[in-house]
Amino acid sequence: MSIIVQKFGGTSVADSKKILAAARKAIRAQKEGNQVVMVVSAMGKNTDALIDLAKQITDEPPAREMDMLLSTGEQVSVALMAMAIHSLGHKAISLTGAQIGIMTDSIHTKARIRSISTERLREALDEGNIVIAAGFQGIDEANNITTLGRGGSDTTAVALAAALHADACEIYTDVDGVYTTDPRIVPEARQTRQISYDEMLELATAGAGVMHNRSIEFAKKFNVPVHVRSSFSDNPGTMIVRDPEAPDMPVCGAAMAKNEALVTVLGVPDRPGAALHLFSKVADKNIAMDMIVQNEGAEGHADISFTVFRDDLPATLRAVDDAVKELGAEGYTCDENVSKISVVGLGMATQPGIAGTMFRALAEKGINIQMITTSEIKISVLVAREFAQEALRAVHEAFELQSPPPDGKLHGDGSPRHATPSEAKLLARLQRMEKLIIEQIDLDETQSRVTFVSLPDIPGLAAQTFDELAEAGIVVDMIVQSVGRGNRANISVTMPQKDLENAIRIAGQQAESLGCPPPTHCPKVAKLSVFGVGMRSHTGVAARMFQSLAKEGINVELINTSEVRVNVVLDGRDGKKALAAMKKEFADAMV
Ligand code: ADP
Ligand code: ASP
Ligand code: MG
C-alpha cells in the first residue's frame, strides 16, 4: 500500500477548526487507499510564545531545558489532532519524536537526526491508524529530548518520508507553494510550478522560510519529491524535485536573510593554516559561517570577513576574540545591522550579465553593496538592513520574476520527473541520515583571476564593472567582493583563460579613470570545488578543507561557499596537489 506523509505547519493547526480541517485532509488521503503519516507543528505562534516565556526568566536559558520546553508545543498539537481524527470516526495515534525513535545527536536546539526506527510507525499504520508524529523533535542517546532548529518540522516530515520510502511528502502551509520571493514582502511574487532541490536549498538558506533548509538536504539525499501546497485550498502547489522541467529563466527566485551580522578579522597573517584556525574556532561552537570572503593579502596580512546569524553573534565574537589573540591578528570589527539578498537559479552559470543586472538594480536605488559572494547558482550581496526590503523588491523586479515563465503555465500536472538512484546507493545514504555527504570534488584549471584593487565603495561601481565584462561577452565565474578598509574594496573575479586579456584591459581602464591602483591578476588559477549535501549546515567543512590545504603548505586566494559547494581558488601550480589532499581529507564522507 502506498504511504503518504502530510505535514501541517503552525498556521495550519492554529485553532480547533483548522485542526479538524487538517484531520479531514488526512482521512481523505487514507480513504483514497494510502497509509497516512501526519507530521504536525506547534499551534500558531506557540513556539514563539514559549521562547518568550523562557526569555522572561533568563537571557541565556540552558539549551537542554529549551528543548524540554519547546517540544511541548508539538505534543499539544499531536494529541489534539488524534482527538480530531477519532471524533471524525477514524483510528489515529499520536507519537512524540522519542516514541517514534527519532534519534539525534546531543546538540540541543539544533540537533541532527542520526537514525529513525520505522517499526512502531509501520505497526500502527498496519493496524489502520493515521499516525500523527510530533514534528521538530527527537531524542539523544541519553534519552534527552532534542529539537531540530526553528522550522524543523519540515525536516521531520521529509526524513520520515525517506525512512518509510513514502510515495509522497506533502507540506501543507499558509501559502500556495514556493514563490519567486516571500509574497508577504513582495506581493507581486509569482508561484513556481517546479523547482530543483539545489535551487530550493540555496533559497531556503538564503532566507526563504517556506522550507527548513535541512529538509531539502534530506529530500535531495533520498530523492523524496516534496509537494508544497496550501492547507486552505486544493490548488496544486510546487513540486521540489531533482530535475524540474526547466522554464527558460536564468533566475528562479530571490530571498532575503534579514538578521545577519558581519564580522571582519583584520590583519590575519597570510600563511597557510591561519584561516583554518579562525574557522575551526567558530565551527567548534556549532555556528555556521555564511558568506566567507578573504581579501587579497597585503604586506603578508589578509582581512577575512564572514557573516553569521545575528543571534549567533555573541558566541561568534567570543570565538573570534580567542582566534585573534592566538593568531596575533590586528583585531576585528563587526556590524550587526546587515541583511543578505540573494538570487538563485540553475540557469545563471551559463548566461553572462546576471551579476550586472543584480548590481545595477541595487545601484539604481542608491543601495551600497558591502560584500559579494557567488556560487554556480547563487549570487549573494550584503546590504545595510534598513535597505533590505527595498533591495529585495528591486532585484525581484530586475529579473522580471513577477512575470509568468515563458511556457505560460503556472501549475504542472503534479507528476515529478525525478531520477531514481540505484537501491544500493539509496541504502548507503539511508545509513547516513543527516551526516555530511560529499558527492564530488572537482578541479578546474581553465580559469584566470583578475582583481580590481581598492575600488571606491560607492553604489553603482560593481554594476558598471559587470556590465562592461558582460558586454565583452565574458562569462565570469566566481565573484568575490571583500569588505574594504577606508571605504575601499577589492573585487576579484575568475573567468576562462581566453578572456583574461580582455578582462585586464577593462579592469585597467577602470582603474585609470577612477585613479585606483592597477588591477592584479593570475593567468592560471586552480579552482577546487567540493560538492555535496550539508556543506554549510555541517559547520566544520570549510575548516577541514583549509586544514588539508594548510598541511600541504597551499595558500588560498579566494573562497566562496554555498549550500551545495565550497569553492576555493589557488595558484594554478597547486591544483593537482590540492585535489589529492582534499580527496584524502573527505574520503570518509564520499559516496
Ligand atoms: P509553516 O508554519 O506552515 O511551516 P512558515 O511560516 O514556516 O509556515 O512558512 C510559510 C511562509 O514562508 C509564508 O507565509 C511566506 O511568508 C514565507 N516565505 C518566505 N519565502 C517564501 C517563498 N519564496 N515562497 C513562499 N513563501 C515564502
Ligand atoms: N514549531 C517549530 C517552530 O516554530 C517547528 C516548526 O514549526 O517547524 O520553529
Ligand atoms: Mg515552517
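It should be noted that the structure appears before, not after, this text.
Remember, it's a predicted structure, so these values are computed and weren't measured experimentally. Positions within a chain are numbered from 1, following the residues in the order the chain's sequence is written. Chains carry letters and ligands carry numbers; both start at the beginning, A for chains and 1 for ligands, and go up in the order they are written. Residues qualify for local features only when their pLDDT is at least 70, as the model is predicted, and side-chain atom pairs are given and counted only at 80 or more; totals for whole chains, interfaces and linings, by contrast, use all residues. To obtain the side-chain values, all non-hydrogen atoms of the structure were included, while hydrogens and water were left out.

Asks: Outline the overall build of the protein, listing residues and values.
Replies: The numbering of helices and of strands both runs from the N terminus, where a helix is a DSSP run of H or I of at least 4 residues and a strand a run of E of at least 2. Looking only at helices and strands, the protein has 17 helices and 24 strands in total. If you line up the protein on its principal axes, its C-alpha atoms span 80 × 55 × 50 Å. Each residue gets one of three labels from its accessible area relative to the maximum for its type: buried under 20%, exposed over 50%, partly exposed in between, using a 1.4 Å probe on protein chains only. The buried share among the 591 residues of the protein stands at 58%. Residue contacts are counted whenever heavy atoms from the two residues lie within 4.5 Å of one another. The long-range fraction of contacts in the protein, counting pairs at least 24 apart against all pairs at least 6 apart in sequence, stands at 79%. Carbon and sulfur atoms make up 50% of the accessible area of the protein, which amounts to about 22900 Å² in all. Working definition of accessibility: Shrake-Rupley area with a 1.4 Å probe, residue cover restricted to the visible protein chains.

Asks: Describe in detail the pattern of salt bridges, supporting the description with residues and values.
Replies: Salt bridge, as used here, is a side-chain nitrogen of Lys or Arg placed within 4 Å of a carboxyl oxygen of Asp or Glu. Tallying each qualifying case throughout the model produces 22 salt bridges. Among the ionic pairs, Glu 170 bridges to Arg 229, the shortest N-O distance being 3.3 Å. Placement of Glu 170 in strand E9 (residues 168–173) and of Arg 229 in strand E11 (residues 226–230) is noted, with a sequence separation of 59 residues between them. Arg 229 carries the same exposure label as Glu 170, and that label is buried. We note a salt bridge from Asp 499 to Lys 498, for which the minimum N-O separation is 3.3 Å.

Asks: So what about the site of ligand 2? Which residues, and what values?
Replies: When we say a residue is near a molecule or strand, we mean one of its heavy atoms is within 4 Å of it. All residues in the neighbourhood of ligand 2 are listed as Ser 41, Ala 42, Thr 47, Glu 74, Phe 136, Arg 150, Gly 151, Gly 152 and Ser 153. Taken by itself ligand 2 offers 260 Å² of open surface, and the protein chains cover 87% of this.

Asks: Run through the site of ligand 1, naming residues and quoting values.
Replies: Every one of the 16 residues lining ligand 1 counts as a neighbour, but Thr 173, Asp 174, Tyr 179, Asp 182 and Arg 184 are closest to it. By the criterion applied in these results, polar contacts are pairs of N or O atoms within 3.5 Å in which, for protein atoms, one can donate a hydrogen and the other can accept it, and in which residues neighboring in sequence qualify only through two side-chain atoms. One of the side-chain nitrogen or oxygen atoms of Asp 174 is found 2.8 Å away from an oxygen atom of ligand 1. At 2.8 Å, a side-chain N or O of Asp 182 approaches an oxygen atom of ligand 1. When ligand 1 is considered free in solution it has 580 Å² of accessible area, and contact with the protein chains removes 85% of it. When residues are grouped by polarity, Ala, Val, Leu, Ile, Met, Phe, Trp, Tyr, Cys and Pro land in nonpolar, Asp, Glu, Lys and Arg in charged, and all others, Gly among them, in polar. For the shell around ligand 1, the class distribution of residues is six nonpolar, six polar and four charged.

Asks: If you had to explain the sheet that holds strand E1 (residues 3–8) to someone new, which residues and values would you point to?
Replies: Strand order in this open sheet of eight strands is E3-E6-E2-E1-E9-E11-E12-E10, and the pairing throughout is mixed. The sheet is open, and its two edges are formed by strand E3 (92–95) and strand E10 (194–196), each paired on a single side. Sheet twist, expressed as the mean angle between neighbouring strand axes with direction ignored, is 20 degrees. Paired strands, as defined in this entry, are two strands with at least two bridges between them according to DSSP. Note on geometry: axes are lines fitted to C-alpha atoms, helical ones only across the stretch in contact, with angles between N-to-C directions running from 0 to 180 degrees.

Asks: How would you explain a nonpolar patch on the surface if you had to name every residue and give the values?
Replies: Side chains of Val 76, Leu 80 and Met 83 sit close together on the surface and give an oily, nonpolar patch of about 250 Å² of accessible area. Inspection of the secondary structure puts Leu 80 in helix H3 (residues 63–87). By relative accessible area, which is 31% here, Leu 80 ends up partly exposed. Here the term patch refers to residues with relative accessible area over 30% and no salt bridge, with like charges joined within 9 Å and nonpolar side chains (Val, Leu, Ile, Met, Phe, Trp, Tyr) within 5 Å.

Asks: Account for the nonpolar core, naming residues and giving values.
Replies: Where a protein is soluble and globular, its nonpolar side chains tend to be buried together. Formed by 50 residues in total, the largest nonpolar core has its most connected members in Leu 160, Met 200, Val 224, Val 226 and Ile 240. Per-element tally for this core: the top contributor is helix H6 (residues 153–163), with seven residues. Filtering out sequence-adjacent residues up to four positions away, Ile 240 remains in contact with Ile 195, Ser 196, Tyr 197, Met 200, Met 211, Ile 216, Val 224, Pro 225, Val 226 and Val 228. Note on terminology: a nonpolar core comprises buried Ala, Val, Leu, Ile, Met, Phe, Trp, Tyr and Cys residues joined through side-chain atoms within 4.5 Å.

Asks: Explain the packing of aromatic side chains to me, and be specific about the residues and the numbers.
Replies: Note on ring pairs: Phe, Tyr and Trp rings are taken, using the six-membered ring of Trp, and paired if centres are within 6.5 Å. Classes follow the plane angle, with under 30 degrees stacked, over 60 edge-to-face and the rest tilted. In the structure shown here, the tally under the stated rule is four aromatic pairs. When the centroid spacing of 4.8 Å and the interplanar angle of 5 degrees are considered together, the rings of Phe 8 and Tyr 172 count as stacked. Taken together, the residues Phe 8 in strand E1 and Tyr 172 in strand E9 connect sequence positions 164 residues apart. With a relative accessible area of 1%, Phe 8 lands in the buried category. By relative accessible area, Tyr 172 is classed as buried at 3%. An angle of 70 degrees between the planes, with centres 5.1 Å apart, marks the rings of Phe 279 and Phe 546 as edge-to-face. With Phe 279 in helix H9 (residues 274–283) and Phe 546 in helix H16 (residues 541–551), this pair connects stretches of sequence that are 267 residues apart. In this structure, Phe 279 and Phe 546 share a single accessibility class: buried.

Asks: Help me get a handle on unusual backbone geometry, residues and values and all.
Replies: Excluding glycine, residues mostly have negative phi values, and the peptide bonds linking residues are mostly trans. At Phe 136, a position not held by glycine, the phi torsion is positive, near 75 degrees. If you trace the backbone, Phe 136 turns up in the loop between strand E6 (130–134) and strand E7 (137–139). Taking the relative accessible area as the measure of exposure, Phe 136 reaches 4% and is therefore buried. Positive phi, normally seen in glycine, also occurs at Ser 454, with a value near 55 degrees.

Asks: Just give me the short version of the packing of H9 against helix H10 (residues 313–327), but keep the residues and values in it.
Replies: Contact pair H9 / H10: the axes reach a minimum separation of 8 Å and the direction vectors enclose 150 degrees. As judged from the angle between their axes, H9 and H10 are roughly antiparallel. Crossing of H9 over H10 shows right-handed handedness. For the pair H9 and H10, the contacting residues are Ala 274, His 277, Leu 278, Lys 281 and Val 282 in the first and Thr 316, Ala 319, Val 320, Asp 322, Ala 323, Glu 326 and Leu 327 in the second. In the contact of H9 with H10, the residues fall into seven nonpolar, two polar and three charged. Working rule for angles: under 35 degrees goes down as roughly parallel, over 145 as roughly antiparallel, 65 to 115 as roughly perpendicular, anything else as oblique. In this scheme, a crossing is called left-handed if the near helix is turned counterclockwise away from the far one by less than a right angle; it is called right-handed if the turn is clockwise.

Asks: Account for a negative patch on the surface, naming residues and giving values.
Replies: Among the surface-exposed residues, Glu 119, Glu 123, Asp 126 and Glu 127 lie close enough to one another that they form a single negatively charged patch. Within the secondary structure, Glu 119 sits in helix H5 (residues 119–126). In this tally Asp and Glu are treated as negative and Lys and Arg as positive; neither His nor the chain ends contributes. By convention, the charge on Lys lies at NZ, on Arg at CZ, on Asp at CG and on Glu at CD.

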